[in-house]
Amino acid sequence: NPGASADLAAWGTVLARQGRMQDAIAKWRAAEALNPAAPDAYIEWGNVLYSRRNYAGALDKHQQALRLNPRSASLQATVARDARELRFITNARVR
């Protein structure tokens, strides 16, 4: 059920915003299990990781979403943004 999967993914984001990251991850994994072909859980999970400045984690989750929906211009832009931030942080640490 695609709607139920999207609802679980959104619920995960609400839990993450409440600081309940383990519960959020459980919801995202449940959404993934319910509909493995839907990118919703990966998008939500990646967005939360990005907001926490975990750019490597965000890039990984958003790339998983992009593999499920390769024609999404929005996801392509999101992956590019994540990669750019990760390069910026990596370069800043080297200097």
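Residues numbered from 1 in each chain as written. Predicted model: local features only at pLDDT ≥ 70, side-chain atom pairs only at ≥ 80, totals over all residues. Heavy atoms only, no water.

## Considering the environment of Ile43
On the secondary structure map, Ile43 appears in helix 3 (residues 40-51). Relative accessible area serves as the criterion here: at 24%, Ile43 is assigned to the partly exposed category. Remark: the alpha-carbon pair of Ile43 and Arg53, spanning ten residues in sequence, is separated by 15 Å. Excluding anything up to four places from it in sequence, Ile43 contacts His62, Ala65 and Leu75. (Helix = DSSP H or I, 4+ residues; strand = E, 2+ residues; numbered from the N terminus. Buried < 20%, exposed > 50% of the residue type's maximum accessible area, 1.4 Å probe, protein only. Contact = heavy atoms within 4.5 Å.)

## A short note on helix 2 (residues 21-34)
If you check helix 2, its first and last C-alpha atoms are 20 Å apart, about what 14 residues at 1.5 Å a residue would give, namely 20 Å. For helix 2, the full list of buried residues reads Met21, Ala24, Ile25, Trp28 and Ala31. Projected down its long axis, helix 2 shows its buried positions confined to an angular sector of 120 degrees, all on one face. Opposite the packed face of helix 2, turned more than 90 degrees from it, sit the exposed residues Gln22, Arg29 and Ala33. (Expected span 1.5 Å × (residues − 1). Arc of directions from axis to C-beta.)

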